[in-house]
Amino acid sequence: MAAYLCPPTVIHGKHAVTTSQIVAEVSDRHPHAAWAPRIDGIAASTGIETRGWMLPLETAVAPGNGSGLRAVGIEPAQQALAREGFTQQDVERVIAALETIPAPQTVQERTAPAWEAVQSYGEHAARGALQSAGLDVRDIDCVITSHSTTPALPGLDIALANRLQLRSDVMMLPATQWACIAGTRSLALAAQLVAADPDRVVLIVIAEALSTTYQPADDTLESLIVRLLFADTAVAAVVTGRPRRESVLRLDASWHHTLPGTQDLHRLETRADGTHFVMDRRGPRAVQETVTAMWDWLRVRYQDEPGSWHPDVLLAHPGGTRVLEYMEQTMPDAWPSGLLDYSRDSYTSGNRGGAAVFDILRRAHDAGRLKPGDRAVLYAAAPGLTATALEGEWL
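Residues numbered from 1 in each chain as written. Predicted model: local features only at pLDDT ≥ 70, side-chain atom pairs only at ≥ 80, totals over all residues. Heavy atoms only, no water.

**Focus on the overall build of the protein**
- Each helix and strand counted, the protein has 13 helices and 14 strands in total.
- Overall, the protein is about 85 × 50 × 35 Å in size when its C-alpha atoms are taken along their principal axes.
- Burial analysis of the protein (395 residues in total) assigns 55% to the buried set.
- Contacts spanning at least 24 positions in sequence make up 81% of the contacts within the protein whose residues lie at least 6 apart.
- Just so you have it, the protein exposes about 17400 Å², and 51% of that area is on carbon and sulfur atoms.
- Here the protein contributes 34 positively and 46 negatively charged side chains, and the mean placements of these two sets differ by 2 Å. (Helix = DSSP H or I, 4+ residues; strand = E, 2+ residues; numbered from the N terminus. Buried < 20%, exposed > 50% of the residue type's maximum accessible area, 1.4 Å probe, protein only. Contact = heavy atoms within 4.5 Å. Areas by Shrake-Rupley, 256 points an atom, 1.4 Å probe, with all protein chains shown as cover. Lys, Arg positive; Asp, Glu negative; His and termini not counted. Charge placed at Lys NZ, Arg CZ, Asp CG, Glu CD.)

Structure (structure tokens):
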């Protein structure tokens, strides 16, 4: 399958949002929530102090441009009050009061600025990846994109085609619903594409504004956790069918696994006030099943060297630290410690969704501790529940 990956470019959200800011905003808005007395402990348990967003916190919590009457309209409200016996003077006074109540942001108000940011960040990451690979935009034959939190048609692929001025015959492969699995699955697809044509050059761009799932009105514990976890990031990398001087990782094999009947455990819902990420507490245990299946895949792949083979690094985005702990508990005892250090390091500044694996890989690259010949395993799980892993050699 051999495919060669050049160093990814990672662009973090430029607006630093601290956990203390989020705790203050949520506490002020929902002082009587069931979890309110425990909010400091819940926040501390994430291990995240600051995360980068493409837009500031103030943008996420701002009211909409209209009043609370926007949904029903002034005239129907006047008619309803008149039917209840209100005098004309009382009707006018009530309507005036209701017009001062701000409405929540609409989907358009929430998504439009984020979509602009996703395109800009994606372009920035793409140009950085091309520079790291020593290539020009004219060298690109295929573009794979993902941006699950800002639905748009045309999508990021077409936006990049125009912003980068790509060749008109470039193959566009948008995958907006890959979500957290975008990093590994895009690499697996790119590897298949270059296997069919080793001269093909594939550009992968993933840009996620996960902060758009910050919903001020929600008072559930799950919504609180979503507020605390997510970060915004754009990443990009080039995959080729032949080794280049800039290549850092050779991809040798890929693996996919989907759990039936788990499609409702984690999901993105679009409501009147924007997108909501819905989590089920059964999710981590289901993700653990995909980890066990991945261990089985690696065991079979290296069954001829059961006592000697082990990865030298695990670049894993399983969605949370609980599953990272499970990975450490279930991997063979003979494997070295510290395989997930770069994954844990990435989580300290937020869950980056589909961009996470590239961020983790970049951290491993920049640390300079891996040497040619070291074996790497990349893994991610996403709503579905579905998982993709790759195995390869550091160059």
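**Structural notes on the pattern of salt bridges**
- For the structure shown, the criterion picks out 25 salt bridges.
- Its salt-bridge partner being D169, residue R167 comes within 2.9 Å of it at the nearest N-O pair.
- Residue D169 is classed as exposed on the basis of its relative accessible area of 55%.
- Residues R344 and E328 are paired through a salt bridge, measuring 2.8 Å at the closest nitrogen-oxygen approach. (Salt bridge = Lys/Arg side-chain N within 4 Å of Asp/Glu carboxyl O.)

**A word on the packing of aromatic side chains**
- Following the criterion strictly, the structure yields six aromatic pairs and no others.
- Ring centres of F230 and F277 lie 5.5 Å apart, and the angle between their planes is 80°; on these two criteria the pair is classed as edge-to-face. Here F230 is found in the loop between α9 (221-229) and β8 (233-240), whereas its partner F277 is found in strand β11 (residues 274-279), with 47 residues between them in sequence. No difference in accessibility class separates F230 from F277, as the two residues are buried.
- Aromatic side chains Y302 and W309 sit 4.1 Å apart centroid to centroid with 10° between the ring planes, which places their arrangement in the stacked category. (Phe/Tyr/Trp six-rings, centres within 6.5 Å; stacked < 30°, edge-to-face > 60°.)

**Quick word on the pairing of strand β7 (residues 201-208)**
- Summarising burial for β7: eight of the eight residues are buried, a large majority.
- Where burial is concerned, the two faces of β7 agree: the one with V201, L203, V205 and A207 and the one with V202, I204, I206 and E208 are both buried.
- Relative to β7, strand β5 (residues 142-146) runs parallel, the two sharing five bridges. Bridging across to β7, I144 finds its partner in I204.
- Of the strand pairs in this sheet, β7 and β8 are connected by eight bridges, and their pairing is antiparallel. (Pairing = 2+ DSSP bridges.)

**A short note on unusual backbone geometry**
- Following L153, the chain continues to P154 via a peptide bond in cis, the omega torsion being 0°.
- One can find P154 in the loop between β5 and α7 (156-163).
- That bond from G384 to L385 is cis: its omega, -20°, falls within 30 degrees of zero.
- Inspection of the secondary structure assignment puts L385 in the loop between β13 (375-382) and β14 (386-394).
- In this structure, A179 is a non-glycine residue whose phi angle is positive, near 55°.
- Judged by relative accessible area, which is 17%, A179 ranks as buried.

**What about the pairing of strand β9 (residues 249-258)?**
- Of the pairings in the sheet, the one linking strand β1 (residues 3-5) to β9 comprises three bridges and is antiparallel in character. Residue pairing in the sheet places Y4 in a bridge with R250 of β9.

**With respect to the environment of D345**
- Considering the arrangement of structural elements, one finds D345 in helix α12 (residues 341-347).
- Residue classification places D345 among the partly exposed positions, given a relative accessible area of 35%.
- When the C-alpha atoms of D345 and R363 are compared, they prove to be 8.3 Å apart, with 18 residues separating the residues in sequence.

No statement about biological role is implied by the geometric values presented.
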